[in-house]
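Residue-level listing of the chains:
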Amino acid sequence: MAIKAIALDIDGTLTNDEKVVTPRTKEALFAAQRAGIRVILASGRPVQGLRALARELELDRYHGLLVAFNGAHVVDAETDEVLFDQPMAVEDMRALLDHLRDFDVIPWVTEGEHLYVEDAYRCEILHKGRPINIVKYERDACDLKICEVRDLAEVLDHPQDKILTAGTDTYLATHWEEMYAPFRDRLSGMFTADFYFEFMAPGINKAHALAGALPKLGIDATEVAAFGDGQNDAAMIAWAGTGVAMANAIDETKAVADMVTASNNEDGIALALEKILG
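Attention in this report is confined to the structure presented alongside it. It should be emphasised that the depicted structure is a prediction, and the values quoted were computed from it without experimental measurement.

1. Some words on the sheet that holds strand 12 (residues 188-193)
Here we have six strands laid out as an open sheet, ordered 10-7-6-11-13-12, and mixed in their pairing. Edge positions in the sheet fall to strand 10 (145-148) and strand 12, since each has one partner strand and no second. Put simply, the sheet's adjacent strands are angled 30° from each other on average, direction ignored. Note: strand 7 (residues 114-117) against strand 10, four bridges, orientation parallel. Along strand 10, the bridge assignment pairs His114 with Lys145. Most of the contacts of helix 3 (residues 90-100) go to strand 11 (residues 163-166), to which it runs at about 10°, and overall it touches strand 6 (106-111), strand 11 and strand 13 (196-200).

2. Some details on the packing of helix 1 (residues 23-34) against helix 9 (residues 268-277)
Where helix 1 meets helix 9, the axes come as close as 8 Å, and the angle between the chain directions of the two elements is 35°. Handedness of the helix 1/helix 9 crossing: left-handed. Within the contact between the two elements, helix 1 uses Arg24, Thr25, Ala28, Leu29 and Ala32 and helix 9 uses Ile269, Ala270, Leu271, Leu273, Glu274 and Leu277.

3. So, the pairing of strand 2 (residues 38-42)
Taken across its five residues, strand 2 has four buried, putting it largely inside the fold. The pairing of strand 1 (residues 5-8) with strand 2 spans four bridges and is classified as parallel. Paired with Ala7 across the two strands is Ile40, which belongs to strand 2. Handedness of the crossover joining strand 1 and strand 2 through helix 1: right-handed. With three bridges joining them, strand 2 and strand 3 (residues 65-68) adopt parallel strand pairing. Looking at strand 3, one finds that Ala42 is bridged to Val67. Considered for its hand, the β-α-β crossover made up of strand 2, helix 2 (residues 51-56) and strand 3 is right-handed.

The rules behind the values
- Numbering of residues starts from 1 in each chain and follows the order in which that chain's sequence is written.
- Local features in this predicted model are restricted to residues whose pLDDT is 70 or higher, and side-chain atom pairs enter the listing and the counts only when it is 80 or higher, whereas totals over whole chains, interfaces and linings include all residues.
- Each side-chain value is worked out from all heavy atoms of the structure, with water and hydrogens disregarded.
- Pairing between two strands requires that DSSP report at least two bridges joining them.
- In DSSP terms, a helix is any run of H or I states spanning at least four residues, a strand is any run of E spanning at least two, and both are numbered starting from the N terminus.
- Only the contacting stretch of a helix is used when fitting its axis, a line to C-alpha atoms as for every element, and angles between N-to-C directions run 0 to 180 degrees.
- The contact rule is simple, with two residues in contact once any of their heavy atoms fall within 4.5 Å.
- Handedness of each helix crossing follows the sense of rotation of the near helix against the far helix: counterclockwise by less than a right angle gives left-handed, clockwise gives right-handed.
- Only protein chains enter the accessibility calculation, which uses a 1.4 Å probe; a residue whose area is less than 20% of its type maximum is buried, one above 50% is exposed, and one in between is partly exposed.
- Whether a crossover is right-handed depends on one test, that the path from the first strand over the helix to the second runs clockwise when the strands point away from the viewer.

Here it is as structure tokens:
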């Protein structure tokens, strides 16, 4: 069937390692949009963290979509109409926060343009042995304002789409199962980077979000091409009619893809679209 939508993960997929959309990839996406194909940004980022790329690709002009929080929230890039939303229950979030206090991780919540964290100065993790100010990293990547609260539970008095935990990569690799175990039946949990483990409502992933939003626009899964590299992209790639893994993708994601393209540093999206769209 003809492709009507292209769903794109951002980090490690749409952007190269310098966090830039290359000219060739950008032109391929503009060409697709001029042909009437909707472009969808599908990310673990909050909506605010998708705005700059949406403007760069003119998704408002071409009726694109923003899939945020790993699929918990979907909005129309032109109108900001919410097409899908499934937040976590308050009691589950508060129980999770209490549980996370036993681990050496930094939890935070993003709402609107604000990043809520308990201690803005407890912000350093190690990634590949090098220190990172992870709160600043997230703030800069998603254009957020840092808001320090005495107790994160203050922000968890109403449903939220995601609780993110940041930690040293080796620590999370060792402890994520223990962190997640009591909540496997109550929440979705997944890595979005080796230093991020994130919690959403049960059943949430990018595929679930697209399956909830796209039928309202007359688009079927068979008419979607989806691109990604990470654990949180595997469900979307398996669901789409044409699932494409980047060369830099993890093995789990490559295993469910219909094709593997070049890496995010080698215009993998553009090369794959040339084959898919002809």
